[in-house]
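# Summary of structural features
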Amino acid sequence: MEPIEVQPMTTISTHSFGDASDSDDAFSIRIIENMKEEYGMFVWPCSVVLAEYVWQQRLRFAGVNVLELGAGTSLPGLVSARVGSHVTLSDSSDRPEVLSNVRRVCLLNGLECEIMGLTWGEWDEPVFNLEPNILLGADVLYDTQDFDNLFATVAFLLKKAPGSVFITTYHNRSGHHLIEYLMVKWSLKCTKLVDAFSFMPSHKASDLQGNIQLVEIMSCE
Ligand SMILES: C[S@@+](CC[C@H](N)C(=O)[O-])C[C@H]1O[C@@H](n2cnc3c(N)ncnc32)[C@H](O)[C@@H]1O
């Protein structure tokens, strides 16, 4: 393996899945984080929650196509790759530093994923070639100005691949009104809504703050 260059202000965090003392399936993913940068360069709590959900639901992820949107440091997508999905990790085309970090993180973990710039609501040619069975998005619902662009991309991809699902984690600051509004606006339906604390193991839940929800969303068509 090539040596991984560690930049100033950069740390490597380790995230464990399963109990190594009683399971052969258990593994860890290492993430390169940059404390100086904003958004996509460190692991947000929503990402820890979504990654744990992927691990717990790993049988459904084996052998399917997964696309992570706004992947940042990509923990959920990397767990999907580790449990056997064909994974594409994406982040804004305007954030080359985030996409380079994703490349380094894949190398560090010895995982092969496609990596692409995908800005929500923009229709570059590669978007039309995507056909994910599962879309992932951790903490991508944080700026109301981006919601239309994000859901334009999500609704397009969900309609293109019947039976596909968007699984996203977000900080719930407005009750369920936000999700209800987006479902109606984009002709989507919420098929599952759970509180992070209902499935997170206690050692991970104790580090979480706030009200993190996980929703599964499908097309109504
Ligand atoms: C709050 S961070 C979450 C990162 C990661 N999913 C996590 O939870 O650790 C939001 C991510 O969305 C990406 N993002 C923001 N606006 C975007 C857009 N218009 N198109 C694509 N990605 C975008 C950012 O670059 C960033 O990586």
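In case you missed it, the structure is sitting above this.
We now turn to the structure provided with this report. Being a predicted model, the structure only gives us computed values, none of them experimental.

## Topic: the nonpolar core
Core analysis: the largest hydrophobic core is formed by 57 residues, its most contacted members being Val 49, Leu 50, Val 54 and Val 79. If you tally residues by element for this core, the top one is helix 1 (residues 45-56), at eight residues. With residues near it in sequence (within four places) discarded, Val 79 still touches Phe 17, Ile 29, Ala 51, Val 54 and Trp 55.

## Overview of unusual backbone geometry
A positive phi angle, close to 75°, is found at Ser 74, a residue other than glycine. Mapped onto the elements, Ser 74 comes out in the loop between strand 3 (65-68) and helix 3 (75-82). Its identity as a non-glycine residue notwithstanding, Asp 139 has a phi of 55°, on the positive side. Structurally, Asp 139 is set in the loop between strand 6 (134-138) and helix 6 (147-160).

## What about the environment of Thr 191?
Checked against the element boundaries, Thr 191 lands in strand 8 (residues 188-195). On the neighbour-count criterion, Thr 191 (12 C-beta atoms within 10 Å) is exposed. For Thr 191 and Ile 167, which are 24 residues apart along the polypeptide, the C-alpha to C-alpha distance reads 9.9 Å. Aside from chain neighbours lying at most four places away, what touches Thr 191 is Glu 216 and Met 218.

## A look at the sheet that holds strand 4 (residues 86-91)
Taken together, the seven strands give an open sheet; going across it, the order is 5-4-3-6-7-9-8, and neighbouring strands pair in mixed fashion. Since the sheet does not close on itself, it has two edges, and those belong to strand 5 (114-117) and strand 8, each with one partner. With direction set aside, neighbouring strand axes in the sheet form an average angle of 20°. Inspection of the sheet shows strand 3 paired to strand 4 by four bridges, in the parallel sense. Bridge pairing in strand 4 links Asn 65 to His 86.

Basis of the calculations
Residues numbered from 1 in each chain as written. Predicted model: local features only at pLDDT ≥ 70, side-chain atom pairs only at ≥ 80, totals over all residues. Core = buried A, V, L, I, M, F, W, Y, C linked by C-beta atoms within 7 Å. Buried ≥ 20, exposed ≤ 12 C-beta atoms within 10 Å, placed from the backbone. Helix = DSSP H or I, 4+ residues; strand = E, 2+ residues; numbered from the N terminus. Contact = placed C-beta atoms within 7 Å. Pairing = 2+ DSSP bridges. Axes fitted to C-alpha atoms, helices over the stretch in contact; angles between N-to-C directions.

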